[in-house]
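Below are the chains, spelled out letter by letter.
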Amino acid sequence: MNQEEIKAEIRRLARERNALILAHNYQRDEIQDIADITGDSLGLSMEAARTDRDVIVFCGVHFMAESAAILAPDKIVLLPRPDAGCPMADMVTAEGLRAMKARHPGAVVVTYVNSSAAVKAESDICCTSSNAVNVVRSLDAEEVLLVPDRNLGHYIARHVDKVCHLWEGYCPTHERLKVEEIQQALTEHPDALFMAHPECPPEILELAHHICSTSGMYEFARSNPARKFIVGTEMGILYRLRKENPDKEFILPSATLICPNMKLTSLESLLRALQTMSPEITVPADVAEGAKRALDRMLAVPRD
Ligand code: 13P
Ligand code: SF4
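It should be emphasised that the depicted structure is a prediction, and the values quoted were computed from it without experimental measurement. (Residues numbered from 1 in each chain as written. Chains lettered and ligands numbered in written order. Predicted model: local features only at pLDDT ≥ 70, side-chain atom pairs only at ≥ 80, totals over all residues. Heavy atoms only, no water.)

(A) Quick look at helix α14 (residues 267–276). Within α14 the residues assigned to the buried category are L267, S269, L270, L271, A273 and L274. At the C-terminal side of α14, M277 shows a positive phi close to 55 degrees. (Buried < 20%, exposed > 50% of the residue type's maximum accessible area, 1.4 Å probe, protein only. Helix = DSSP H or I, 4+ residues; strand = E, 2+ residues; numbered from the N terminus.)

(B) Broad picture of the domain arrangement of the protein. With domains assigned, the protein is organised as domain 1 (3–85 + 262–282), domain 2 (88–170 + 286–299) and domain 3 (177–251). Centre-to-centre separation of domain 1 and domain 2, based on C-alpha positions: 26 Å. Contact with domain 1, which involves 9 residues of that partner, is made by 17 residues of domain 2. Summing both partners gives a buried area of about 1100 Å² for domain 1 against domain 2, and 73% of it is carried by carbon and sulfur. Summed over the three residues of domain 1 that lose the most area to domain 2, namely L42, F63 and I70, the buried surface amounts to 51% of that side. Inspection of the domain 1/domain 2 interface yields 0 salt bridges. Linking domain 1 with domain 2 are 1 residue pair in polar contact (both at pLDDT 80 or more), by the criterion used here. (Domains from an automatic or database assignment. Contact = heavy atoms within 4.5 Å. Buried area = accessible area lost by both parts, 1.4 Å probe. Salt bridge = Lys/Arg side-chain N within 4 Å of Asp/Glu carboxyl O. Polar contact = N/O pair within 3.5 Å; in protein donor to acceptor, adjacent residues only side chain to side chain.)

(C) The arrangement of the packing of aromatic side chains in detail. One pass over the full model with this rule turns up 2 aromatic pairs. Ring geometry for F220 versus F229: centroids 5.9 Å apart, planes at 80 degrees, classification edge-to-face. With a relative accessible area of 12%, F220 lands in the buried category. Considering the side-chain rings of F229 and F250, the 5.5 Å spacing of their centres and the 15 degrees angle between planes classify their relative orientation as stacked. (Phe/Tyr/Trp six-rings, centres within 6.5 Å; stacked < 30°, edge-to-face > 60°.)

Printed below as a string of structure tokens:
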């Protein structure tokens, strides 16, 4: 089959299976094109929670499909590449988090959705990059544990009036970004605005004109009159930024801004998932119950 035939077959099978195809903003261009909905972690979780389709095909990484399975327990959730994980999510375990909780009794646990269901089940509330500050502000607590991203944790800590304890996890893709790369891009493009994802290290965020989630970047680029933007997140976001703003320029400050896991899903693996109705992502009921409590509590809080 050539690419056009594969796309036609994906569309036909998605209709036949009554499937919703969700794609994260970092997915390959052709996956974003064929998806019913593209979005950030929060937006896609909300779509999964409210869909009336029978099947959700999640083009993203494992924790996202897991969240969809938790929020839509009566649906079949497929992850075309089961090996698409998130190294940051793997940096914390339920046991590790229990030990941290024991060191800080009374602190409220706020866990980034980039985490396993077992870790979410140990948490009081979840957050994403688009609601993290509001989530923490909404808590009637003086002390919080921010897990697992130390960079997002640092960003939250600067915006809230609470004692924050950070787990030492990070995203290897955002962590690679260097201050010198941003400075060079800003020197070469003095008229550009630098927008950065809160997974970037604090010294990078200090240089940012705007800090937001991936979907927040579409909104910022669309509504801001500036014509040039330096983009501090994974390169997959450039596709729609350029498509939706043909008169604006988007500059990637580093060639290392690629998440290998986000690039695993291809048209071929998406087609195979729909043909075989696998790999299916499921979560044991006892873990799902605790994780859903933390996710539902998060969904009640508005975006930052
Ligand atoms: P958002 O799309 O929620 O901003 O998250 C970025 C990310 O790293 C997902 O893995
Ligand atoms: Fe995980 Fe970073 Fe990839 Fe997002 S970009 S899936 S946080 S490794």
